[in-house]
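# Structural description and commentary
Each chain, written out:
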Amino acid sequence: MKTTATAMSLVVIIVASVCLPLIFSSSAEGQQQQQLLQTIKNRDLTIELDRQQQIQTRAQLTVPTVGDGPFPAVLLIHGSGIADMDGYIPPELSGKETGARIFLQLADYLSERGFVVLRYDKRGVGENATILDADVFGNATVQQLQRDAGVALDLLMQQPEVDRGNITLLGISEGTTIAPRIAAERPEDVKNIVLMSAASQTLYDIMYANLVNRTILFAQELWDDNQDGLLSLQEVLAHPGAYLTVPASYPAASATTTTDNITASGSNNNTMISNIDTATAAANNTTISAQPITQQQWYPGLDANNDTLVEIDQELIPFALALFVQMAADPWLQSHKEIAPNLVAIENLRPTTGILILQGEEDNQTYLEQALLLEQKLTQMRYPDHMIITYPGLGHTFHPAKGLLQPLGPIEEYVLADLHAWLKGSDR
């Protein structure tokens, strides 16, 4: 079933103003009144991801304050790269002064409406997406991340407020690769999976397509205005979203400078390494400012002969290929090369598992076509309980996109409303 969201749902809550003599209440009474207004409560937990390597991570359970449960529950599974349990995205990428916290947003929204939600820091990562252990984080593979999510699922099932027969795995970006595999292995423990910004291919193939194929296509058909096979700075900078340059004041950088949060399109629309998955891990995790810039230069190493022009066939294509080869040596990306694509993985799901696919139509990291391919596959399989909802104008984090410029801001509320309606079953 396919639904296209065309308008934001509008819910108007009218709060009546009631005068009560609370101004004379004691401090304790005031605190009690405030507690009565709370809709959720949090429980801090610690997850032992790997006992042998002594790897632990923070987690937080969000629980409705009304009712004793058991409540339906949701486990949030990160996208790739530097991700904490809040899904923190810094100001320079989110376009918001305080940044965005999309997992905290999901947890609060769902718990306020009757769900228990568990979220956790990725191994080696701490608060505000800070790398705590570069070795643990840098050597994480998708197989390890899947095991981590499985351990988190075990912890969620142990919580007394949780309805063990009604647990949903919600993955975003790379998490859409992990969630179906856990659900296939543990069908008795997982009732639903939600795939946000879904991948149908492996992330290895998606990254190759974004970094190499799309770069070449854009250069040949979009940026090279006079079709002479050469790119000038003026030609490239005339197109918003072109990502072959850096600020002239930017220090010399290696071709491997990239991180998940940096490379997300919209963070800096003028970097060679832009437009990779929101979570793409990188070698040195150097941040590139997204502030307005007045002078640009070619990305270091791109203009090999220093003649101020970039020859598409002799300079750009070899550079893009070499950059990807360097990135592909990363253990994380190699691990994605070894697994089957989601189009194959979903064949292992039991038909009792519900599937919701949510996709921004302007997503230029995991394209709309990725989600549509999954939908086609599920239709071909005659899969009984699945739905796809696509959103015009929204990007990778379901925030309004601006062409190729995509701030990774907070999720639009009408997307959250659709998610909640599907989980409640009213829209199935």
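Residues numbered from 1 in each chain as written. Predicted model: local features only at pLDDT ≥ 70, side-chain atom pairs only at ≥ 80, totals over all residues. Heavy atoms only, no water.

The subject of this paragraph is the overall build of the protein chain. Along its length, the protein chain carries 14 helices and 17 strands. The buried share among the 428 residues of the protein chain stands at 56%. Nonlocal contacts in the protein chain, meaning residues at least 24 apart in sequence, comprise 73% of its contacts between residues at least 6 apart. For the protein chain, the accessible surface area stands at approximately 18900 Å², while carbon and sulfur atoms represent 51% of it. (Helix = DSSP H or I, 4+ residues; strand = E, 2+ residues; numbered from the N terminus. Buried < 20%, exposed > 50% of the residue type's maximum accessible area, 1.4 Å probe, protein only. Contact = heavy atoms within 4.5 Å. Areas by Shrake-Rupley, 256 points an atom, 1.4 Å probe, with all protein chains shown as cover.)

Structurally, Glu 235 is set in helix α8 (residues 233–237). Those residues within four positions of Glu 235 in sequence are excluded, and the remaining contacts are Trp 223, Asp 224, Asp 225, Asn 226 and Leu 230.

Another point: the packing of aromatic side chains. Tallying each qualifying case throughout the model produces 6 aromatic pairs. Note on Tyr 208 and Phe 324: the rings are 5.0 Å apart at their centroids and 90° apart in plane angle, and the pair reads as edge-to-face. Residue Tyr 208 is located in helix α7 (residues 203–223), and its partner Phe 324 is located in helix α10 (residues 312–328); the two are separated by 116 residues in the primary sequence. A ring pair is formed by Phe 218 and Trp 223, whose centres lie 5.8 Å apart and whose planes are at 80°; its orientation type is edge-to-face. Phe 218 sits in the buried class, given a relative accessible area of 16%. Through pairs of rings, three or more aromatic residues link up here, namely Tyr 204, Tyr 208 and Phe 324. Between the NZ or CZ atom of Arg 113 and the centre of the ring of Tyr 109, over which it lies, the distance is 3.6 Å. (Phe/Tyr/Trp six-rings, centres within 6.5 Å; stacked < 30°, edge-to-face > 60°. Lys NZ or Arg CZ within 6 Å of the ring centre and 35° of its normal.)

Quick look at the confidence of the model for the protein chain now. Overall, the prediction assigns the protein chain a mean pLDDT of 83, with 79% of residues at 70 or greater. Across residues 6–26, confidence stays below pLDDT 50; counting only partners more than four residues off in sequence or on other chains, it has 4 contacts. Here residues 250–293 scores under 50 on pLDDT; set against residues more than four positions off or in separate chains, the count is 158 contacts. (pLDDT = per-residue confidence, 0-100.)

A separate point is the pattern of salt bridges. Summed over all chains, the structure comprises 12 salt bridges. Its salt-bridge partner being Arg 58, residue Asp 121 comes within 2.6 Å of it at the nearest N-O pair. Here Asp 121, found in the loop between β7 (116–120) and β8 (125–126), pairs with Arg 58, found in strand β3 (residues 55–64); they are 63 residues apart in sequence, far enough to count as distant. By relative accessible area, which is 1% here, Asp 121 ends up buried. For Arg 58, a relative accessible area of 32% gives the class partly exposed. Across the pair Arg 113 and Glu 112 runs a salt bridge, and its minimum N-O distance is 3.4 Å. Residue Glu 112 is classed as partly exposed on the basis of its relative accessible area of 43%. Look at the salt bridges and you will find they share partners, linking Asp 86, Arg 101 and Arg 119 into a network. (Salt bridge = Lys/Arg side-chain N within 4 Å of Asp/Glu carboxyl O.)

Here the focus is the environment of Ser 197. Along the polypeptide, Ser 197 turns up in the loop between β11 (192–196) and α7. On the accessibility criterion, Ser 197 (0% relative accessible area) is buried. Through-space distance from the C-alpha of Ser 197 to that of Gly 171 is 8.6 Å; in sequence the pair is 26 residues apart. From its side chain, Ser 197 meets the backbone oxygen of His 396 in a polar contact 2.6 Å long. (Polar contact = N/O pair within 3.5 Å; in protein donor to acceptor, adjacent residues only side chain to side chain.)

A few words on the environment of Glu 127. Here Glu 127 lies in the loop between β8 and β9 (130–131). Residues Glu 127 and Ala 83, 44 residues apart in the sequence, show an inter-C-alpha distance of 8.9 Å. Setting aside residues no more than four positions away along its own chain, Glu 127 makes contact with Arg 58, Asp 84 and Asp 121.

Along helix α11 (residues 331–338), the positions that sit buried rather than exposed are Trp 332, Leu 333, Ser 335 and His 336. An end-on view of α11 places all buried positions within 155° of arc, on one side of the element. Each element contacted by the buried residues of α11 is listed here: α5 (142–158), α6 (175–185), α7 and α10. Where α11 begins, one side-chain oxygen reaches toward the backbone nitrogen of Trp 332, 2.9 Å away; that side chain belongs to Asp 330. (Arc of directions from axis to C-beta.)

With that out of the way, let us pick up unusual backbone geometry. Each neighbour pair has its own omega, and for Gly 69 with Pro 70 the value is 5°, a cis peptide bond. Of note in this structure, Ala 129 is not a glycine but carries a positive phi near 55°. Since its relative accessible area comes to 15%, Ala 129 is described here as buried. Unlike most non-glycine residues, Asn 306 shows phi in positive territory, near 55°. Position of Asn 306 relative to the elements: it lies in the loop between β14 (296–298) and β15 (310–311).

Strand β10 (residues 162–172) sits mainly inside the fold: 8 of its 11 residues count as buried. You can see the chain leave β10, run along α6 and come back into β11, and the turn it takes is right-handed. (Right-handed = clockwise from strand over helix to strand, strands pointing away.)

The interhelical angle for the contact between α7 and α10, taken along N-to-C directions, is 165°, at an axis separation of 10 Å. When the interaxial angle is binned, α7 and α10 end up roughly antiparallel. Here the hand of the crossing between α7 and α10 comes out right-handed. Between α7, through Tyr 204, Met 207, Tyr 208, Leu 211, Val 212, Thr 215, Ile 216, Ala 219 and Gln 220, and α10, the contact on the second element is made entirely by Ile 312, Asp 313, Leu 316, Ile 317, Ala 320, Leu 321, Leu 323, Phe 324, Met 327 and Ala 328. Classifying every residue of the contact of α7 with α10 gives 16 nonpolar, 2 polar and 1 charged. (Axes fitted to C-alpha atoms, helices over the stretch in contact; angles between N-to-C directions. Parallel < 35°, antiparallel > 145°, perpendicular 65-115°, else oblique. Left-handed = near helix turned anticlockwise from the far one by under 90°. Nonpolar A, V, L, I, M, F, W, Y, C, P; charged D, E, K, R; others polar.)

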